[in-house]
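What the coordinates show
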Amino acid sequence: MTLAYFYLLIAVLAIFLFCYFVATRVWIRVDKINREKSEENNKGTRRDFLYLSSISIGGLGVATFMWPFLKSMNPAEDTLALGTTEVSLSDIAVGQSITVKWRGRPVFIRRRTPEEIDEASEVDLASLRDPAEDSERVKEPQWLVLEGVCTHLGCVPLGQKMSDNKGDYNGWFCPCHGSHYDSSGRIRKGPAPTNLPVPPYEFVGNDTIRIG
Ligand code: FES
């Protein structure tokens, strides 16, 4: 259960307990007044018992009803697991790329060569359609992590295999309408309006990242 749902549950239970307490006090008070006016003390005692029993059973019923409802608002474990993907980088050689799935989308992970890192960092930002420093797009220069979906109309660009056409800027080439991305995944030529997005990710070890 996430912290937000825990707080929500506590808040709902607190409201319920408050209402339960107030209602109990009011009903007991009203009944006491009635009982003082009445000569039928035995009947009053029986009413107390009936009131409290009804409130308790009602409270239990509400709590029983609400628990599955609140629990259903909490994301299931398998849904949470699908939201993140851990990837070991240890088998990726310099110059090699792999593709993994994250939330049903391809994610490109490339271990860049020193030449590719230099190419990406020496680009004049003024020449870029969607200006971004290479250093803003990586956590460690040799590792580039990108969503592998062309920002024009959503094709998956080529460039992951050694034998692929990597376009005019030595990165990725989208054959659908001819978009060229550089070795930082930035759009350099063609109709795509923006760079290949960098998904949220973090290093969780020397050679493991968690995407999402
Ligand atoms: S979808 Fe990639 S260029 Fe059109």
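Above: the structure in question.
One structure accompanies this document, and this report is about it. All residue numbers here refer to positions counted from 1 along the written sequence of the relevant chain. Residues qualify for local features only when their pLDDT is at least 70, as the model is predicted, and side-chain atom pairs are given and counted only at 80 or more; totals for whole chains, interfaces and linings, by contrast, use all residues. Heavy atoms from the whole structure form the basis of all side-chain values; hydrogens and water molecules are not counted.

Bringing the overall build of the protein chain into the picture now. Strands are runs of DSSP state E lasting at least two residues, helices are runs of H or I lasting at least four, and both sets are numbered from the N terminus onward. Helix and strand content of the protein chain: 4 helices and 9 strands. Counted from the first residue to the last, the protein chain has its helices and strands arranged as α-α-α-β-β-β-α-β-β-β-β-β-β. The contact criterion used throughout is that any non-hydrogen atoms of two residues lie within 4.5 Å. Considering only residue pairs separated by 6 or more positions, the protein chain has 56% of its internal contacts joining residues 24 or more positions apart. Entry remark: accessible area of the protein chain is about 12,900 Å², with carbon and sulfur atoms responsible for 60%. Each accessible area is a Shrake-Rupley result for a 1.4 Å probe, and residues are judged covered by the shown protein chains and nothing else.

A few words now on the state of the cysteines. Cysteine sulfurs are considered disulfide-paired once they come within 2.5 Å of each other. This model, assessed by the stated rule, comprises 1 disulfide. Between the sulfur atoms of C155 and its disulfide partner C176 the distance amounts to 1.9 Å. Handedness of the C155-C176 disulfide follows from its S-S torsion of about -105°: it is left-handed. Here C155, found in the loop between β4 (143–147) and β5 (170–174), pairs with C176, found in the loop between β5 and β6 (179–182); they are 21 residues apart in sequence, far enough to count as distant.

Each patch groups residues whose relative accessible area exceeds 30% and which form no salt bridge, using 9 Å between like charges and 5 Å between nonpolar side chains of Val, Leu, Ile, Met, Phe, Trp and Tyr. Throughout this description, the term salt bridge denotes a Lys or Arg side-chain nitrogen within 4 Å of a carboxyl oxygen of Asp or Glu. Neither His nor the chain termini are counted; the positive set is Lys and Arg, and the negative set is Asp and Glu. Charged side chains are reduced to one point each, which is NZ for Lys, CZ for Arg, CG for Asp and CD for Glu. A surface patch of negative charge is lined by E115, D118, E119 and E122. You can see D118 is positioned in helix α4 (residues 114–121). For every residue, the accessible area (1.4 Å probe, protein chains only) is compared with the maximum for its type, and the residue is labelled buried under 20%, exposed over 50%, or partly exposed between those bounds. Of the residues examined, D118 reaches a relative accessible area of 40% and is grouped as partly exposed.

One bridge is not enough; two strands pair if DSSP finds at least two bridges between them. Ordered in space as β1-β9-β8, the 3 strands form an open sheet in which the pairing is antiparallel. If you trace the sheet from one side to the other, it starts and ends with β1 (85–88) and β8 (201–205), each paired once. Direction aside, the axes of adjacent strands within the sheet are offset by 30° on average. Two strands pair when backbone bridges link them, and β1 and strand β9 (residues 208–211) are joined in this way by 4 bridges, in the antiparallel orientation. Bridged to V87 within β9 is I209. Only C-alpha atoms enter the line fits that serve as axes; for helices the fit covers just the stretch in contact. Angles between N-to-C directions range over 0 to 180 degrees.

This part is about α4. Turn by turn, an α-helix covers 3.6 residues, leaving residues three or four places apart pointing in a common direction. Taken together, the buried positions of α4 are occupied by E116, I117 and A120. For α4, the angular spread of buried residues about the axis comes to 100°, placing them on one side. Buried residues along α4 sit in contact with β3 (105–111) and β5. Relevant arc is that of directions from the helix axis to the C-beta atoms, nothing else.

Time to look at the sheet that holds strand β2 (residues 97–102). Read from one edge of the open sheet, 3 strands run β2-β3-β4, paired in antiparallel fashion. Both outer strands of the open sheet, β2 and β4, are each paired with one neighbouring strand and no more. Between one strand and the next, the sheet's axes are offset by a mean angle of 25°, whatever the strand orientation. Examined bridge by bridge, β2 and β3 share 6 bridges and lie antiparallel to one another. Across the sheet, I98 pairs through a bridge with I109, a residue of β3.

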